[in-house]
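# Summary of the model geometry
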Amino acid sequence: MTKITYTQPQVNNNRPDVATMSQWLAPIVWENSFDLTVIDNIYKQKNITVATTVFAVGKYVRFLKDLLESAEQHFMVGYRVHYYIFTDLPHEVPVLTLGEGRRLKIMKTAGSSRWQEISLRRMEMIEKLIEEELLNNADYIFSLDVDSKFYGHWGAESLGDLVGVLHAWFFGLSRDQFTYERRPESQAYIPFSEGDYYYGGAVIGGRLANVLKLTKTCRMQLDLDRANKIEAVWQEESHLNKYFLYNKPTKLLSPEYLWDDKKGKPDFIKIVRFSQVLKNYAEIRPNP
Ligand SMILES: CC(=O)N[C@H]1[C@@H](OP(=O)(O)OP(=O)(O)OC[C@H]2O[C@@H](n3ccc(=O)[nH]c3=O)[C@H](O)[C@@H]2O)O[C@H](CO)[C@H](O)[C@@H]1O
Ligand SMILES: [Mn+2]
């Protein structure tokens, strides 16, 4: 054990303005709720590898450059990161110099004429990637939306067995306002009287085994919906919310980890770490 210097834990909460713990005692990660020195000291000696999947199909390849360049500056700096870029346009993946211990692998995938299909197919592709390639090659995995950018530190404080992120637009709303799937015919159905948080589909994380179970379950539920000719209102995000309702994440990332460039910053947002960038939906998506 390396001896390190850091301030003594306080007996009170550094962030009285927001909950830093869920009802099931999973930490909610906010600026000033953790001590990075202590956290890095735990994870650095574990010699971990973090696999990171990014889908960039069709015109969405244009987001890769900013995402990857900003990730090199802010995301898991000092840790081994293996990016897996799923794209139908491998030649348009920007060439960039990665930091030490960081690698990028291009996974050729098919295009699609429906954005909904591209987004929801991520579940089965991540499931396959974990089963076929990652089990002996990584410890943790994150799946990130490509239409995003890092603006601030995102490090080992985000690691956990099963990690979900609180969607910026729904934070603080009552559960009946969440855009869960409300039709009982869908496997993603959540009644108005249930629900903890609204989780964003743009960030999923955790240990490989936990994320494998998540992606496999969601993929099977998506298959069932398809057989029943129903598509959940927010595709795989709806199924993710259903999954997290019954399989609670062990760590929750605050909206600092999934902000939106379009959104003004309330006082409780001390830092934006990762944010959805502006996009012209009509211009960039293959279909309305
Ligand atoms: C902030 C957030 O939580 N966003 C979620 C939300 O809308 P979004 O508007 O964020 O969805 P989106 O258009 O960004 O699509 C999700 C992701 O699919 C990929 N993609 C999509 C279309 C395409 O033509 N090419 C391509 O590569 C790309 O990685 C993109 O980031 O709902 C989606 C499901 O419907 C996903 O759950 C998104 O993660
Ligand atoms: Mn997005």
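Residues numbered from 1 in each chain as written. Chains lettered and ligands numbered in written order. Predicted model: local features only at pLDDT ≥ 70, side-chain atom pairs only at ≥ 80, totals over all residues. Heavy atoms only, no water.

Here we take up the overall build of the protein. From N to C terminus, the protein includes seven helices and 11 strands. Over its C-alpha trace the protein gives a radius of gyration of 19 Å, about what one expects of a compact globule, namely 19 Å for 288 residues. Here the protein holds 288 residues, and the buried ones make up 53% of them. Sequence separation of 24 or more characterises 75% of the internal contacts of the protein that already satisfy a separation of 6 or more. Surface exposure of the protein reaches about 13800 Å², of which carbon and sulfur atoms provide 53%. With 36 positive and 36 negative side-chain charges, the protein shows a spacing of 1 Å between the two charge centroids. (Helix = DSSP H or I, 4+ residues; strand = E, 2+ residues; numbered from the N terminus. Rg over C-alpha atoms; globule rule 2.2 N^0.38 Å. Buried < 20%, exposed > 50% of the residue type's maximum accessible area, 1.4 Å probe, protein only. Contact = heavy atoms within 4.5 Å. Areas by Shrake-Rupley, 256 points an atom, 1.4 Å probe, with all protein chains shown as cover. Lys, Arg positive; Asp, Glu negative; His and termini not counted. Charge placed at Lys NZ, Arg CZ, Asp CG, Glu CD.)

Moving on, we get to the site of ligand 1. By nearness alone, 25 residues border ligand 1, and F55, V57, Y60, Q235 and E236 come closest of all. In this structure, Y60 approaches ligand 1 through a side-chain N or O atom, which is 2.6 Å from an oxygen atom. Residue E236 places a side-chain N or O atom 2.5 Å away from an oxygen atom belonging to ligand 1. Its free accessible area being 720 Å², ligand 1 has 96% of it covered by the protein chains. (Near = heavy atom within 4 Å. Polar contact = N/O pair within 3.5 Å; in protein donor to acceptor, adjacent residues only side chain to side chain.)

Scanning all chains against the criterion turns up 23 salt bridges. The salt bridge involving D196 is made with K248; its shortest N-O contact spans 2.7 Å. Here D196, found in the loop between β7 (162-166) and β8 (199-207), pairs with K248, found in the loop between α6 (235-246) and β9 (251-253); they are 52 residues apart in sequence, far enough to count as distant. Judged by its relative accessible area of 32%, K248 is partly exposed. Among the charged side chains, a salt-bridge network with shared partners connects E127, E131, K216, R219 and D223. (Salt bridge = Lys/Arg side-chain N within 4 Å of Asp/Glu carboxyl O.)

Residues other than glycine seldom take positive phi values, yet N47 does so here, at roughly 55 degrees. With respect to the helices and strands, the residue N47 is situated in the loop between α1 (36-44) and β2 (49-55). In this structure N47 comes out as exposed when scored by relative accessible area, which is 52%. Its identity as a non-glycine residue notwithstanding, M76 has a phi of 50 degrees, on the positive side.

This brings us to the coordination of the manganese ion (ligand 2). Here the manganese ion (ligand 2) is held by the protein donor atoms D145 (OD), D147 (OD), D147 (OD) and Q276 (OE1), which lie 2.1 to 2.4 Å from it. Each of the six donor atoms bound to the manganese ion (ligand 2) contributes to angles spanning 55 to 171 degrees, and the resulting shape is irregular. The sequence motif formed by the donor residues of the manganese ion (ligand 2) is D-x1-D-x128-Q. Take D145 and D147: they sit in the same class, and that class is buried. (Donors = N, O, S within 2.8 Å, 3.2 Å for Na, K, Ca; no water. Tetrahedral: all angles 85-135°; square planar, octahedral: opposite > 155°, others 65-115°.)

Ranked by internal contacts, the top residues of the largest apolar core, which has 39 residues, are M76, F142, W154, L159, V203 and L253. It is helix α2 (residues 64-74) that contributes the most residues to this core, four residues altogether. In this structure L253 touches V29, F142, W154, S158, V163, G164, V165, L166 and V203, once residues within four positions along its chain are discounted. Ranked by size, the runner-up nonpolar core spans 21 residues in total, among them M123, I204, L240 and W259. (Core = buried A, V, L, I, M, F, W, Y, C linked by side-chain atoms within 4.5 Å.)

Under the present numbering, the feature "binding site: UDP-N-acetyl-alpha-D-galactosamine" (unreviewed entry) in UniProt falls on F55, A56, V57, Y60, D145, V146 and D147. Over a stretch of 93 residues, the named residues converge on one spot in the fold, their C-alpha atoms separated by at most 11.3 Å. Looking at the secondary structure, you find F55 in strand β2. Here F55 falls in the buried class, since its relative accessible area comes to 8%. Beyond its immediate stretch of four places on either side in the chain, F55 contacts F86, R122, M125, I126, L144 and V146. Among the secondary structure elements, A56 is positioned in the loop between β2 and α2. (UniProt positions renumbered as here; feature names shortened; annotations may be inferred.)

What the eight strands build is an open sheet, ordered β1-β9-β7-β8-β5-β2-β3-β4; its pairing is mixed. Of all the strands in the sheet, the pair left with one neighbour each is β1 (28-29) and β4 (102-108). Where strand β5 (residues 140-144) meets β8, five bridges bridge the pair, whose relative direction is antiparallel. Note that in β8 the partner of S143 across the bridge is I204. Most of the contacts of α2 go to strand β3 (residues 80-87), to which it runs at about 175 degrees, and overall it touches β2, β3 and β4. α6 rests against β7 and β8 of the sheet, and its axis sits at about 55 degrees to β8. (Pairing = 2+ DSSP bridges. Axes fitted to C-alpha atoms, helices over the stretch in contact; angles between N-to-C directions.)

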